[in-house]
Structure formats: C-alpha cells, structure tokens
Amino acid sequence: MADQAEPPPPVGATTIEIDGAGDNVTVAPMTAEEEAMMAEFFSEVNSAQKDGEVMRIVSCFKLNPYEHLNLKFEATVEDVKSQYRKVSLMVHPDKNKHPRAKDAFAALGKAAEWLQDEGRKRDLHASLNHARELVRKERKKEVKADTALAAQIRLMAANGVLPDYEQSEDFHAKWKQKSREILTEIEWRRRKMTLRIKDEEGRIKATEAEEKKIRNAEKRARQGWEERREERVGSWRNFQKNAKAKPGGKALGELKPPKLKEADADKSYVHRPTAKGPQNNVPGAIPGNKPNKFRRAH
C-alpha cells in the first residue's frame, strides 16, 4: 500500500527543518490578534531602545563628542557621519516621543559638528593623546610591578600570540576615564580664567565709571564758575560803589592815613610825607637815610 502524501501546509504557514534530517515541523500561521501582539511587542522593544539611547546621550560626559556618538577615539570622519545618521534616526523628535529627545538630538548634532571642525578636533585629540600616554605609562608600571603578569606576557610573546593591549576593551575603558579627568581639569581652568577675566573687566568698568563721574563733576563745576562770572563781577562792583557812597568811604585798595590817638594830646605821632625830596623839615631826620613811615617826634 503506497504511503499517502502529506497534506500541503496551510496558506501562510511556516515550514522549519529540524537538524537537517529532513524532519519538518509546520508552524500554523499567526492570527491577526497574534500579529498585532507581535507588532506591539517589537514596538515596545524599539521604543525602549530609543528611550535608552536618548538617556545615554543626555547623561554622557559632555566634554567628549566621541561619547555622545558612542564611538572609539580612533574613529574616522566616515565613521562619525555613519554613526550620526544611525543614532539620529533613533532620537529624532519626530520619531521618538521621549520628553528629552529634542535635547539628545541637539547634543548629537553639536558632537558631529565638533568632530568635523579640524581646529576643535585637533585640540581635543591633543588632550586625548596626552591621556593615552599616561595610560601607557601606568600600564608599564603595572607590568613591571606584577611579576606574574610580566612572565605571562613574555611567554605569550615567545609563542607569538602576544595580544595588542591597546586594542582591548580594558585599555579603552582606562583611556576614556583618563581623558575625562584631563578634559575636566582643562574645562575647570578655563572657567576659572573666564571668571577672573570677568571680575577684572568689572573692576575696570567700575574704575572707569568712577573716573567719568569725577570728570563730569569737575566739568559741571567749571561750567558753573563760568556761568556765574558776571554775577561775581557785578557783586564786586556794587560792593565798591556802596563803599564809596558812605561818608568818608573809600574804594577797596585805596590807602588811608592812620588816625591820631585821642589820648595823645601833644600829637607826638606825626604822619610823615611819603613823597621823595628833602627831609629837613622833619625833626630828627638824618640826611641820606630813608625815614620810617611813622616815627616818634623828639
């Protein structure tokens, strides 16, 4: 009796071969409900991955753009562009509903621009190379201090299977940490210098404002002095006029002969003439000598 042929699998079913032995297992097609559940499941997984990428970007070390893009420090320009396109699709605000997706997308764009700017990239790599040299020195000290590790490395070198330590994850982790320390120190110094410059600029501005205030006060004083010139001259003229108008008054600056003392009945104090000429009419005068203005008569 001939074997009956197996019925064909249902439409939409999937046939899976087990262990290559020819044994096939037919999987029934998914119902519409199952397909919806599967689509929802993968959507949740993708959403979780996207949200995780957003949080990774916004919480990563801010001073190293390679960490924003999740790239190693030896990445090329093409690696940067490719990684940016890949990650930006995950965190784009139109495709990711996370509340911080916009911040992550902006930070990602700034990181990509940073690594495509030759000047800024050169400055960054100067710090990264310094950090790598420090890690290398620390590695040499570690190997020198650990005799077992040194013996293991020599044995591996003898067998021709010496691994490249600088390509290991351990080296890159230490390099990343050392880079963070150096970049943080540089940024701290920059901020302190900026603060000092700001304080100095404030002090200079305050000094200039005080000097300007003094100059303006002096200018106003000079202007007031000039404006009151006619007033001062008029007051002086009125004073002189009033002084002359009084009985026996005299203008300021005129000489007035001294008055005789009333107690001197003999009028022994005599006002001597001041004009030049013979002084023989003055009692006690000595020829050739210049008499005093006032002198007691003998």
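Owing to the predicted nature of the structure, the values given are computational and were not obtained by experimental measurement.

A few points about the overall build of the protein
Right, on to step 1. Counting its regular elements, the protein contains eight helices and four strands.
Right, on to step 2. Along the chain direction, N to C, the helices and strands of the protein fall in the order β-β-α-α-α-α-α-α-α-α-β-β.
Right, on to step 3. Evaluated residue by residue, the protein yields a buried proportion of 19% over its 298 residues.
Right, on to step 4. Accessible area of the protein: about 23700 Å², with a carbon and sulfur share of 55%.

Let's talk about the packing of aromatic side chains
Right, on to step 1. Counted by the stated rule, this structure contains three aromatic pairs.
Right, on to step 2. Ring centres of Tyr-66 and Phe-73 lie 5.7 Å apart, and the angle between their planes is 50 degrees; on these two criteria the pair is classed as tilted. Comparing Tyr-66 with Phe-73, the two get one shared label, buried.
Right, on to step 3. Here Phe-171 and Trp-175 contribute two aromatic rings whose centre-to-centre distance is 5.8 Å and whose plane-to-plane angle is 50 degrees, an arrangement assigned as tilted. Taken together, the residues Phe-171 and Trp-175, both in helix H7 (residues 169-227) and four residues apart, mark about one turn of the helix. Each member of the pair, Phe-171 as well as Trp-175, carries the same accessibility label: buried.
Right, on to step 4. Three or more aromatic residues joined by ring pairs form one cluster here, namely Tyr-66, Phe-73, Phe-171 and Trp-175.
Right, on to step 5. Sitting over the ring of Trp-114, Arg-120 keeps its end group 4.5 Å from the ring centre.

Let's talk about the nonpolar core
Right, on to step 1. Tyr-66, Leu-69 and Leu-124 are the most contacted members of the largest nonpolar core, which totals 27 residues.
Right, on to step 2. Counting residues per element, the ones that place at least two in this core are helix H1 (32-59), helix H2 (65-69), helix H3 (77-91), helix H4 (101-116), helix H5 (118-145) and H7.
Right, on to step 3. For this core, the leading source of residues is H4, giving six residues.
Right, on to step 4. Leave out the neighbours within four places in its chain, and Leu-69 touches Arg-56, Val-80, Gln-83, Tyr-84, Leu-108, Ala-111, Ala-112 and Leu-115.

Quick notes on the side chain of Glu-53
Right, on to step 1. Examined against the element boundaries, Glu-53 turns out to sit in helix H1.
Right, on to step 2. Separated by 2.8 Å, the side chains of Glu-53 and Arg-56 make a polar contact.

A word on the layout of surface pockets
Right, on to step 1. A volume near 300 Å³ is recorded for the largest pocket.
Right, on to step 2. If you go around the largest pocket, you meet 14 residues; those closest to its centre are Lys-62, His-68, Ala-107, Lys-110 and Ala-111.
Right, on to step 3. At the level of elements, H1, H2 and H4 are the ones that each hand at least two residues to the lining of the largest pocket.
Right, on to step 4. With seven residues, H4 is the largest single contributor of residues to the lining of the largest pocket.
Right, on to step 5. Residues that form the lining of the largest pocket fall into these classes: seven nonpolar, one polar and six charged.

A short note on the side chain of Lys-121
Right, on to step 1. Position of Lys-121 among the secondary structure elements: in helix H5.
Right, on to step 2. With no salt bridge to any partner, buried Lys-121 finds its closest opposite charge in Glu-118, at an N-O distance of 5.6 Å.
Right, on to step 3. The residues touching Lys-121, leaving out its near neighbours within four places in the chain, are Tyr-66, Val-77, Trp-114 and Leu-115.

A look at the packing of H4 against H5
Between two packed helices, what matters for the description is the angle formed by their axes and the separation of those axes.
Right, on to step 1. Running from N to C, H4 and H5 cross one another at 90 degrees; their axes reach a closest spacing of 5 Å. The orientation of H4 with respect to H5, classified from their angle, is roughly perpendicular. Only Glu-118, Arg-120, Lys-121 and Leu-124 of H5 make contact with H4, whose side of the interface consists of Trp-114, Leu-115 and Gln-116.
Right, on to step 2. When the residues that make up the contact of H4 with H5 are grouped by side-chain class, the tally is three nonpolar, one polar and three charged.

Basis of the calculations
- Residues numbered from 1 in each chain as written.
- Predicted model: local features only at pLDDT ≥ 70, side-chain atom pairs only at ≥ 80, totals over all residues.
- Heavy atoms only, no water.
- Helix = DSSP H or I, 4+ residues; strand = E, 2+ residues; numbered from the N terminus.
- Buried < 20%, exposed > 50% of the residue type's maximum accessible area, 1.4 Å probe, protein only.
- Areas by Shrake-Rupley, 256 points an atom, 1.4 Å probe, with all protein chains shown as cover.
- Phe/Tyr/Trp six-rings, centres within 6.5 Å; stacked < 30°, edge-to-face > 60°.
- Lys NZ or Arg CZ within 6 Å of the ring centre and 35° of its normal.
- Core = buried A, V, L, I, M, F, W, Y, C linked by side-chain atoms within 4.5 Å.
- Contact = heavy atoms within 4.5 Å.
- Polar contact = N/O pair within 3.5 Å; in protein donor to acceptor, adjacent residues only side chain to side chain.
- 1 Å grid on protein atoms, 1.4 Å probe; cavity = no way out; pocket = protein on both sides within 12 Å on 5 of 7 lines; lining within 4 Å.
- Points joined across faces, edges and corners; volume = space filled by probe spheres on them.
- Nonpolar A, V, L, I, M, F, W, Y, C, P; charged D, E, K, R; others polar.
- Lys, Arg positive; Asp, Glu negative; His and termini not counted.
- Salt bridge = Lys/Arg side-chain N within 4 Å of Asp/Glu carboxyl O.
- Axes fitted to C-alpha atoms, helices over the stretch in contact; angles between N-to-C directions.
- Parallel < 35°, antiparallel > 145°, perpendicular 65-115°, else oblique.

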